[in-house]
Amino acid sequence: MSALWSVGAGLLLLLLWVRHRGLEAVLVHHRWVFVCLFLLPLSILFDIYYQLRAWAVWRLHSAPRQHAQRVRHIQAQVREWKKEGSKRYMCTGRPGWLTVSLRVGKYKKIHKNIMINLMDVLEVDSERQVVRVEPLVSMGQLTAHLNPMGWTIPVVPELDDLTVGGLIMGTGIESSSHIYGLFQHTCVAYELVLADGSLVRCSPTENSDLFYAVPWSCGTLGFLVAAEIKMIPAKKYVKIHYEPVRGLQKICEKFTEESKKKENSFVEGLLYSLDEAVIMTGVLTDEAEQSKINRIGNYYKPWFFKHVEKYLKADRTGIEYIPSRHYYHRHTRSIFWELQDIIPFGNNPVFRYLFGWMVPPKISLLKLTQGEAIRKLYEQHHVVQDMLVPMKSLEKSIQTFHVDLNVYPLWLCPFILPNNPGMVHPKGNEAELYVDIGAYGEPKRKQFEARASMRQMEKFVRSVHGFQMLYADCYMTREEFWDMFDGSLYHKLREQMNCKDAFPEVYDKICKAARH
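In the annotation of an unreviewed UniProt entry, the protein is listed under the name Delta(24)-sterol reductase and assigned to Grantiella picta. Looking at the Sequence similarities (unreviewed entry) heading of the UniProt record, one finds this comment for the protein: "Belongs to the FAD-binding oxidoreductase/transferase type 4 family." Database annotation for the protein, UniProt heading Cofactor (unreviewed entry): "FAD".

Right, dumping it as structure tokens:
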């Protein structure tokens, strides 16, 4: 009874404090209160629901049987849209707040919403080494399904909630991408419902133009209903080598050198200041030294980027063996390092041991509850950007990030970009090594102004023939956008497949200059 009185008194004091400060002030300046008390428990309930659902589907083997019926329902909705006179553009009916992108698309309110309830693993073909999945399958769900079977996919983008559809229609990357390329380059086929309601399969040998045009198109060529992705054998551990490097030139030289080595299964860099970094290389293995195993994904463990920083502060190299699935989702618990701005004490050992099992809050719930004041605050004083630039421009790019943003840590992830048709390819006729520079956090640059600073960044990225990930805020004009991306195949297919009346152009869907 005394415990109940204590809890009741605590809640009463909290409500009085909120009333005194004002709800909006608390949500903006003390957001951790709302996140810890409400969003973390709610996120746990979300996870339990989806895990139980995935288990039930697996036990009943219902996904393959119901897939065809669900696709027919999507086709029927598209044909109904045509009967109504095709008066509005179409888009998926998934609420904007459910996506991992920080942007909430206003187009959902004015376009015809097509409901697409496709979130299951359909088939694991061990002979072809291919897994067939529906578009709303998440990375956490897919690795949990494949790893016990002894399989994984070549590129497992960070964050559990990233979906296959988002990674294909947008893009995805991981520290294995220096070997396998972007997420799209590990896919062998797509199935789409087009603007006329027809179902089409495309691959490098079947409807190849459509296959190469789909990535980065953001759902403006058709509705993705299934994808086939390559699989590779899974191993128990990733043997990680941590190496602190100082001096920008040395950092860039070492990172480039390691990125070119195919014997490295994984390459990643965390830049903690302009001239301090830790470069990590990893190899898959089934053997491990027991004393060096680090189950970094356990809820009570330090956040990964903080753990890595210890090697920099101690100025020493190190080797660890991380269980493979823990490695694939190593940045999930701290949402890279974004969670430190939301829960400043989140990496404190006491918090981790008591409440770490509830972390992280769902990004979708953070978006749903952020409110207009927080949205504007984040837009003006917060950066979440991934810029893809040629490896040869790495040093110059980091200097530009430092001058225009001054956000640390910076995430460095190498990838090979093949010379395939589509919106994104190298300038020359051969594959080229690129690097993703990820900036997430509050810029420390004096007089930072979001629009002006990001337009300056975008101009630089275009000048080195780089690309901006489209999940983030984009400030380019239409001309600048199509200067960055190759729209020749994309526009040709939109014309051929009568997409212009069915779907908005990708620029109109994602760029701030085009949104009202």
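Back to the text.
Draft legend 1. Fine view of the packing of aromatic side chains. What the rule picks out here adds up to 26 aromatic pairs. Ring centres of Tyr300 and Tyr353 lie 5.5 Å apart, and the angle between their planes is 20°; this geometry places the pair in the stacked category. With Tyr300 in the loop between strand S12 (276-285) and helix H10 (304-314) and Tyr353 in helix H13 (residues 349-355), this pair connects stretches of sequence that are 53 residues apart. Among the aromatic residues, those joined into a cluster by ring pairs are Trp216, Phe415, Tyr434, Phe467, Phe481, Trp482, Phe485, Tyr490 and Tyr507. Directly above the aromatic system of Tyr327 lies the positively charged group of Arg330, at a separation of 4.1 Å from the ring centroid.

Draft legend 2. Seen up close, the UniProt feature "transmembrane region" (unreviewed entry) in the protein. Per the UniProt record, the feature "transmembrane region" (unreviewed entry) sits at residues 32-50. This span, residues 32-50, is 100% helix and 0% strand, and a straight line between its end C-alpha atoms measures 25 Å.

Draft legend 3. Structural view of the side chain of Thr143. Take Thr143: it is sitting in helix H5 (residues 139-146). A relative accessible area of 2% means that Thr143 is categorised as buried. A polar atom in the side chain of Thr143 sits 3.3 Å from the backbone oxygen of Gly140. Of note is the side chain of Thr143, whose polar atom sits 3.0 Å from the side chain of His329. Apart from residues no more than four positions distant in its own chain, Thr143 is found in contact with Pro148, Val156, Arg325 and His329.

Thresholds applied
- Residues numbered from 1 in each chain as written.
- Predicted model: local features only at pLDDT ≥ 70, side-chain atom pairs only at ≥ 80, totals over all residues.
- Heavy atoms only, no water.
- UniProt positions renumbered as here; feature names shortened; annotations may be inferred.
- Phe/Tyr/Trp six-rings, centres within 6.5 Å; stacked < 30°, edge-to-face > 60°.
- Helix = DSSP H or I, 4+ residues; strand = E, 2+ residues; numbered from the N terminus.
- Lys NZ or Arg CZ within 6 Å of the ring centre and 35° of its normal.
- Buried < 20%, exposed > 50% of the residue type's maximum accessible area, 1.4 Å probe, protein only.
- Polar contact = N/O pair within 3.5 Å; in protein donor to acceptor, adjacent residues only side chain to side chain.
- Contact = heavy atoms within 4.5 Å.

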